[in-house]
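Coordinates in review
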Amino acid sequence: MTDEAEQAGTHAPQDHPVIAVLAGCAVLVLAAVIGPRLAPQQPYATLVIGGAALAVLLWAIGFVVTIRRSPLTWKLGSLAILAVAGVATGLVAHGQYQTRARADASSFAEVEFGPQGAPQLPGDASARGPISRLFVEGAQANAAEQRDYAAALGKFGAGALTSPYLLQQDPRAIGHCGEIESVRTLARQQSDARAGRREKLRRTIDAATLSGQAKQGIAIMTGTDAAAGKDDTLLANQLAMLDATGELCTLLARHGWYNDNAYFGFNNPGDKARFDALAARRKALAGETARIERGATERMQQGRDQIRDALSRSIFVPE
């Protein structure tokens, strides 16, 4: 009986190495499923190495408890099994992080553009992730600010400065030309608000677990990339237009003009020359506004294409 037991012991594992391996794999599965929900996003290499390290730690615990009494083949085999499971754990966790991050980036990949170049995001974009949510909130804030800015110009009466008939009907602007300063203040406040939103977006994009190409594409679309710079071209254009509008208001407030068949006529040639110069400047600034808008649309299209290319690549191929 003793010889039979000894002979059996040379061919069969002692104690419970299989149970130890299964228990270790169960812990690794839980780590792969629950870890990404509790821990912040981690780099690809960190997850793979961390999964392998956790597997070795679990094997060491199992070794102390039971595997040390098993044959060498079970010791080495259990270590290999757990090591592979640990690497798989890192890959699964990486996949979960990437799935969430890519859902966020997909909002930008699915952007379409209306006839006037206005970006149209998916209806559920704000629910796809933090970057998408901030971008949607920013777009809504921009639209509200544009309405407020237009309302401020309307309150000032800027529209009447382009027509002698309208100005005769609504002369309030030329009675209070200095009030255009409140519109300038509003433009600067809105510029500061846009800068704050861009900075918040920039930080959120940097923190995302996405490829550099995807991050760069999103940064291009949101105007937070290095090429966009810190200068607010929209504000500069608005202030230049307000300066020209203020000068036009001051000129017309002298009442040296008359309605010449729906055009401004002037008794003083100098006033006429000044009016023509201001009209040309305002027209050029309006053209600059259109170029800024076209440039923004083109950049968004460029960024969208870059994101689409990045999302077409495997999530398990590190940059």
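Summary of the structure given here. (Residues numbered from 1 in each chain as written. Predicted model: local features only at pLDDT ≥ 70, side-chain atom pairs only at ≥ 80, totals over all residues. Heavy atoms only, no water.)

1. Remarks on the environment of Pro17
- Within the fold, Pro17 resides in helix α2 (residues 17–38).
- Taking relative accessible area as the criterion, Pro17 reaches 1% and is therefore assigned buried.
- Each C-alpha atom of the pair Pro17 and Lys75 lies 8.1 Å from the other, and the pair is 58 residues apart in sequence.
- The residues touching Pro17, leaving out its near neighbours within four places in the chain, are Thr66, Ile67, Ser70 and Trp74. (Helix = DSSP H or I, 4+ residues; strand = E, 2+ residues; numbered from the N terminus. Buried < 20%, exposed > 50% of the residue type's maximum accessible area, 1.4 Å probe, protein only. Contact = heavy atoms within 4.5 Å.)

2. A look at a nonpolar patch on the surface
- A cluster of nonpolar side chains, Val29, Leu30, Val33 and Ile34, forms an exposed patch at the surface whose accessible area comes to about 330 Å².
- As for its position among the elements, Val29 is in helix α2. (Patch = residues over 30% accessible without salt bridge, like charges linked within 9 Å, V, L, I, M, F, W, Y side chains within 5 Å. Areas by Shrake-Rupley, 256 points an atom, 1.4 Å probe, with all protein chains shown as cover. Salt bridge = Lys/Arg side-chain N within 4 Å of Asp/Glu carboxyl O.)

3. Description of helix α5 (residues 130–156)
- Between the first and last C-alpha of α5 there are 38 Å, a value that for 27 residues agrees with the 39 Å anticipated at 1.5 Å per step.
- Every buried residue belonging to α5 is among Ile131, Ser132, Leu134, Phe135, Val136, Gly138, Glu145, Tyr149, Ala152 and Phe156, and all of these are buried.
- One or two positions beyond α5, positive phi appears at Gly157, with a value near 95°. (Expected span 1.5 Å × (residues − 1).)

4. A short note on the nonpolar core
- Counting residues in hydrophobic clusters, the biggest one holds 26 residues, and the most contacted among them are Phe156, Leu161, Leu167, Leu252, Phe264 and Phe275.
- Counting only elements with at least two residues in this core, the list comes to α5, α7 (172–175), α8 (180–207), α10 (233–252), β4 (263–266) and α11 (269–311).
- Of the residues forming this core, the biggest block, seven residues, is contributed by α10.
- When sequence neighbours within four positions are dropped, the list of residues in contact with Leu167 reads Ala160, Leu161, Ile174, Leu252, Trp257 and Phe264. (Core = buried A, V, L, I, M, F, W, Y, C linked by side-chain atoms within 4.5 Å.)

5. Considerations on the side chain of Ser132
- By the secondary structure assignment, Ser132 is in helix α5.
- A distance of 2.8 Å separates a polar atom in the side chain of Ser132 from a polar atom in the side chain of Ser107.
- Residues contacting Ser132, with those up to four places away along its chain left out, are Asp104, Ser107, Phe108, Ala125 and Ser126. (Polar contact = N/O pair within 3.5 Å; in protein donor to acceptor, adjacent residues only side chain to side chain.)

6. Some words on the pattern of salt bridges
- All told, the structure shown has 19 salt bridges when counted by the stated rule.
- A salt bridge links Asp232 to Arg194; its shortest N-O distance comes to 2.8 Å. With Asp232 in the loop between α9 (212–222) and α10 and Arg194 in helix α8, the pair connects residues that are 38 residues apart, well separated along the chain.
- On the accessibility criterion, Asp232 (15% relative accessible area) is buried.
- As a salt-bridge pair, Glu247 and Arg274 come within 2.0 Å of each other at their nearest N and O atoms. Residue Glu247 is located in helix α10, and its partner Arg274 is located in helix α11; the two are separated by 27 residues in the primary sequence.
- Here the residues in one salt-bridge network are Glu112, Arg304, Asp305 and Arg308, joined through shared partners.

By themselves, these are just geometric observations and shouldn't be taken as functional.
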